[in-house]
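What the coordinates show
Spelled out, the chains give:
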Amino acid sequence: MNTSSPHRTPSSGSGLSRRGFFGLLAPAALGLSRTGNAGIEPLMPAASDAAVDDEAYWGQIQQAFTVDRSIVHLNNGGVNPSPAVVQEAHLRHLSYAERMPFYVHRRMTMPQLEAVRAQLARAVGCDAEELALTRNTSEGMEICQLGIDLRAGDEVVTTDQDYPRMIATFRQRVARHGIVLKQFALPVPAEDPDEIVARFEACITPRTRLLMLCHMIDLTGQIMPVRAVTAMARRRGIPVLVDGAQTFGHLDFRMADLGCDFYATSLHKGLMGPHGTGFLFVRRERIPSVWPLMPAEDAGAGDIRKFEDVGTRSLAGFLAGAEALAFNQAIGAARKEARLRYLRDRWVYRLLAHDRVRLHTSLDPAFSCGLTTVSVDGIDPIALRDYLWNTHRVVVRPIRHPAVSGIRVSPGLYTTLDELDRFVEIMESIIKHDLPGNA
């Protein structure tokens, strides 16, 4: 497959000062131009849109991180590093808490935490009283999965590509409570929203009590038509739980764009916040009917904070999360999303020129962004992961699933074009010469 390179020569104009990128104006509306051939018709940002290819600008962003440049880290779908300003805020809050722990925790930190709750709620477009501060996506999801009343014979519908921990959680309820878990297969990639909605709908019966889906599937980066699924489910009176681990801070969206009843995410992925921080959105009218994961004094209350009653925990990471939010907002969600697609295109289109390469992620921006899964015919993804790390210090995630097999590549905002080009050159050598010892 031959295709023209999607990237452009970095602009040569004057750059921003190291302290100046926080003062940038909001990005202009995104425009898209079509290019490509040989059956590939990618949608790619025009050169001037959202400063997507202004390497002087992005160079300033890259310098805000403290990453080890001897490693090419392309698994940001797992955990993103935090910018230095977030690390410094985290350490500052930790240090301050140690001055007088009980007093600081009760009299100082708790009021600050409410301000962070309000800032996150404003960013995602919900009421602060609908947003619980959790330790990660799994905790938020399991609050709902284990806290929603389900009885023997009640059905939960989801796909065959949802996150393994979430599937394991429902399987435990199958074993303990006799609920029914119904999973259906998704195409790879899935580019027909109507078909996805129809597959959900085909599984619904009078016993269906909940639908669960990912906003972005971590196996491939597939963006799911959440709004269409929730609209269908709402007509039937069925609540929808959304796994948003990969999307908050990655995609430009608001909660109203999804229409779901429950949404859980982590702040240490797309938002680049401290590890072990996240949030759970629960639609206000649903809060009283969901049991907290750890028993609270009034488990049936309508206060979102009942989901946070987990005993003593460090709150420094959540306070530093406000700094991560400010960092992202200074760049702009639309600009960030466009840049992540631009970085994806930088490496994807070069590899697609080789016949052995198979892409398992749509290139349509409606269905994907910065997280992409690719395979090379005849090469095992775990062997490829090991070789990339052991020989070249390149980090990717291997994917082995009945629906897809390959390596998942997810650059971050700090990723340089040179690092992506190094990755492509290594991959092209593997494509040409195979892995050492590969039969």
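What counts, and where the lines are drawn
Residues numbered from 1 in each chain as written. Predicted model: local features only at pLDDT ≥ 70, side-chain atom pairs only at ≥ 80, totals over all residues. Heavy atoms only, no water. Axes fitted to C-alpha atoms, helices over the stretch in contact; angles between N-to-C directions. Helix = DSSP H or I, 4+ residues; strand = E, 2+ residues; numbered from the N terminus. Parallel < 35°, antiparallel > 145°, perpendicular 65-115°, else oblique. Left-handed = near helix turned anticlockwise from the far one by under 90°. Contact = heavy atoms within 4.5 Å. Nonpolar A, V, L, I, M, F, W, Y, C, P; charged D, E, K, R; others polar. Buried < 20%, exposed > 50% of the residue type's maximum accessible area, 1.4 Å probe, protein only. Polar contact = N/O pair within 3.5 Å; in protein donor to acceptor, adjacent residues only side chain to side chain. Pairing = 2+ DSSP bridges. Core = buried A, V, L, I, M, F, W, Y, C linked by side-chain atoms within 4.5 Å. Phe/Tyr/Trp six-rings, centres within 6.5 Å; stacked < 30°, edge-to-face > 60°. pLDDT = per-residue confidence, 0-100. Expected span 1.5 Å × (residues − 1). Salt bridge = Lys/Arg side-chain N within 4 Å of Asp/Glu carboxyl O.

**Examining the packing of helix α11 (residues 381-392) against helix α12 (residues 417-433)**
Interhelical geometry of α11 versus α12 gives an angle of 120° and a closest axis separation of 12 Å. One way to sum up the angle between α11 and α12 is to call them oblique. The two elements α11 and α12 meet at a crossing, and its hand is right-handed. On α12, the residues that touch L384, Y387, L388 and H392 of α11 are R422, F423, I426, M427 and I430. Class assignment of the residues belonging to the contact of α11 with α12 gives a composition of seven nonpolar, one polar and one charged.

**Notes on the environment of E191**
Within the secondary structure layout, E191 lies in the loop between β6 (180-184) and α6 (193-203). Residue classification places E191 among the partly exposed positions, given a relative accessible area of 45%. In sequence terms E191 and T361 are 170 residues apart; their C-alpha atoms lie 9.7 Å from each other. Excluding anything up to four places from it in sequence, E191 contacts S362, D364 and F367. Within the structure, E191 has its side chain in polar contact with the side chain of S362 (distance 2.5 Å).

**A closer look at the sheet that holds strand β7 (residues 208-214)**
Pairing is mixed across the open sheet formed by seven strands, whose spatial order is β4-β10-β9-β8-β7-β5-β6. With one partner strand each, in any of the chains shown, β4 (131-134) and β6 form the two edges of the open sheet. Each strand axis lies, on average, 20° off the axis of its neighbour in the sheet, ignoring direction.

**Details of the nonpolar core**
A general trend in soluble globular proteins is that nonpolar side chains are found buried together. One finds L120, F200, L211, F248, Y263 and F279 to be the most contacted residues of the largest nonpolar core, which totals 67 residues. Considering every element that reaches this core, the biggest residue donor is helix α9 (residues 316-331), with eight residues. Among all residues touching F248, those that are not within four sequence positions of it are L120, V124, F253, Y263, T265, L267, G270, L271 and F279. Within the second largest apolar cluster, 31 residues are counted, among which are L351, V409, I430 and L435.

**Thoughts on the packing of aromatic side chains**
A complete count under the given rule lists eight aromatic pairs for this structure. Centroid distance F65 to F327: 5.9 Å. Interplanar angle 85°. Geometry classified as edge-to-face. You can see F65 sitting in the loop between α1 (55-62) and β3 (72-73) and its partner F327 sitting in helix α9, a full 262 residues away along the chain. On the accessibility criterion, F65 (8% relative accessible area) is buried. Since its relative accessible area comes to 1%, F327 is described here as buried. In this structure an aromatic cluster arises from ring pairing among F248, F253, Y263 and F279.

**Side note on the confidence of the model for the protein chain**
Residues with a pLDDT of 70 or more make up 87% of the protein chain, whose mean pLDDT is 88. Every residue in residues 1-48 is under pLDDT 50, and counting partners more than four places away or in other chains gives 97 contacts.

**Details of the pairing of strand β10 (residues 278-282)**
Among the five residues of β10, five are classified as buried, and the element is accordingly described as predominantly covered. As paired elements, β4 and β10 share four bridges and run antiparallel to each other. In the strand pairing of β10, L131 is matched with F281. Of the strand pairs in this sheet, strand β9 (residues 262-266) and β10 are connected by five bridges, and their pairing is antiparallel. For F262, the partnering residue across the bridge sits in β10 and is V282.

**A closer look at α12**
The end-to-end C-alpha separation of α12 is 24 Å, in line with the 24 Å expected for 17 residues at 1.5 Å each. Buried residues of α12: L417, E419, L420, D421, F423, V424, I426, M427, I430 and I431, and no others. At the exit of α12 stands D434, carrying a positive phi of roughly 75°.

**Details of the pattern of salt bridges**
The full count for this structure, using the stated rule, is 29 salt bridges. A salt bridge links R117 to E308, with the shortest nitrogen-to-oxygen separation between them at 2.6 Å. Here E308 lies in the loop between β10 and α9 and R117 lies in helix α3 (residues 101-124), a separation of 191 residues in the sequence. Taken individually, R117 and E308 each receive the classification buried, so the pair is uniform in this respect. One salt bridge in this structure joins R234 and D261, with 3.9 Å as the shortest N-O distance. With a gap of 27 residues between them, R234 in helix α7 (residues 226-235) and D261 in the loop between α8 (255-258) and β9 connect regions that are remote in the sequence.

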